[in-house]
Amino acid sequence: PILPKNVTKASDLILEILRQGGYATTVARWNNGAWEEYVMRGKNKYGFDFDLEPGTGYFVRNHVDIDFIAYGQELKGDHILKLRKGYNLVGITSSNKYTAVSLIDMATEKQKGKQLIKTVTTYDSGLLEPLVKEKGEVYGIDFPIEETRGYFIRVKDTMDLPLSN
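Residues numbered from 1 in each chain as written. Predicted model: local features only at pLDDT ≥ 70, side-chain atom pairs only at ≥ 80, totals over all residues. Heavy atoms only, no water.

S.K.: So what exactly am I meant to see when it comes to the packing of aromatic side chains here?
M.R.: Each aromatic ring pair is described using two quantities: the centre-to-centre distance and the angle formed by the ring planes. All chains considered together, the criterion is met by eight aromatic pairs. Both rings, one in W30 and one in W35, keep their centres 5.2 Å apart while their planes meet at 75 degrees; by these two values the pair is edge-to-face. Summarising the aromatic geometry, the rings of F59 and Y123 are spaced 5.4 Å apart at their centres and angled 85 degrees between planes, so their arrangement reads as edge-to-face. Placement of the pair is F59 in strand 5 (residues 59–62) and Y123 in strand 9 (residues 117–124), with a sequence separation of 64 residues. Given a relative accessible area of 27%, F59 falls into the partly exposed group. (Phe/Tyr/Trp six-rings, centres within 6.5 Å; stacked < 30°, edge-to-face > 60°. Helix = DSSP H or I, 4+ residues; strand = E, 2+ residues; numbered from the N terminus. Buried < 20%, exposed > 50% of the residue type's maximum accessible area, 1.4 Å probe, protein only.)

What follows is the structure, given as structure tokens:
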């Protein structure tokens, strides 16, 4: 995980993708229960040009396949992922390797046995694939948590999720 030096806003990300040979038009995030999008098409710009934050997940609409390289300062040490009640779109960066189930279990352990996370959802090939754990039962297929992907995490109450790097 890195803290980007020059790419700090949605517009910066679109322009950096363009600079690297892609053609991105939209950066979207889930914020306080609603989608926010920033769109650039040629000289036309739509939406609020929001700041990019470590730990937040983003969807980027790119029309050309590229290998994107992100530059910045490496984030080291432990950090806290702040989760709000409801759905959160996040990126998980940790030296520990998690699956959706083990992430829920770790969060429950950190909350002294209180399970605040019930659902972790991944987006794959155009489909949202949720995994639910409730009262010890798992519904869905467990999947690995990857640092380069975003996940929806449903939280029953606001919580801090400690992660190690």
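There's plenty left to go through after this.
S.K.: What exactly am I supposed to notice about the sheet that holds strand 11 (residues 137–139) here?
M.R.: Each strand in a sheet pairs with another by means of backbone hydrogen bonds, the pair being arranged parallel or else antiparallel. Taking strand neighbours across the sheet as the criterion, the five strands line up as 8-12-9-10-11 in an open arrangement whose pairing is antiparallel. On the outer flanks of this sheet lie strand 8 (86–91) and strand 11, each paired with one strand and no other. For this sheet, the mean inter-axis angle between neighbouring strands, taken without regard to orientation, is 20 degrees. (Pairing = 2+ DSSP bridges. Axes fitted to C-alpha atoms, helices over the stretch in contact; angles between N-to-C directions.)

S.K.: In this structure, what is going on with the environment of V27? I would like to understand it.
M.R.: Among the secondary structure elements, V27 is positioned in strand 2 (residues 24–31). You can call V27 buried: its relative accessible area is 0%. Along the chain, V27 and F59 lie 32 residues apart, while their C-alpha atoms are 5.7 Å from each other. Apart from residues lying up to four places away in sequence, V27 is in contact with A10, L13, I14, E36, E37, Y38, F50, Y58, F59 and V60. (Contact = heavy atoms within 4.5 Å.)

S.K.: What am I meant to see in the sheet that holds strand 5 here?
M.R.: Reading across from one edge, 4-3-2-5 is the order of the four strands in this open sheet, with antiparallel pairing throughout. Each edge of the open sheet carries a strand with a single partner, namely strand 4 (44–46) and strand 5. Going across the sheet, the axis of each strand differs from the next one's by a mean of 10 degrees, ignoring polarity. In the sheet, strand 2 pairs with strand 3 (residues 34–41) via six bridges, with the strands oriented antiparallel. Looking across to strand 3, one finds that R29 is bridged to E36. Against the sheet, helix 1 (residues 10–19) contacts strand 2, strand 3 and strand 5, and its axis sits at roughly 145 degrees relative to strand 2.

S.K.: What am I meant to see in helix 2 (residues 100–110) here?
M.R.: In an α-helix, one turn spans 3.6 residues; hence positions three or four apart end up facing the same way. Buried residues of helix 2: A100, V101, L103, I104, M106, A107 and T108, and no others. Buried positions along helix 2 lie against strand 9, strand 10 (127–134), strand 11, strand 12 (150–155) and strand 13 (159–163). Downstream of helix 2 by a residue or two, K112 has a phi angle that is positive, lying close to 55 degrees.

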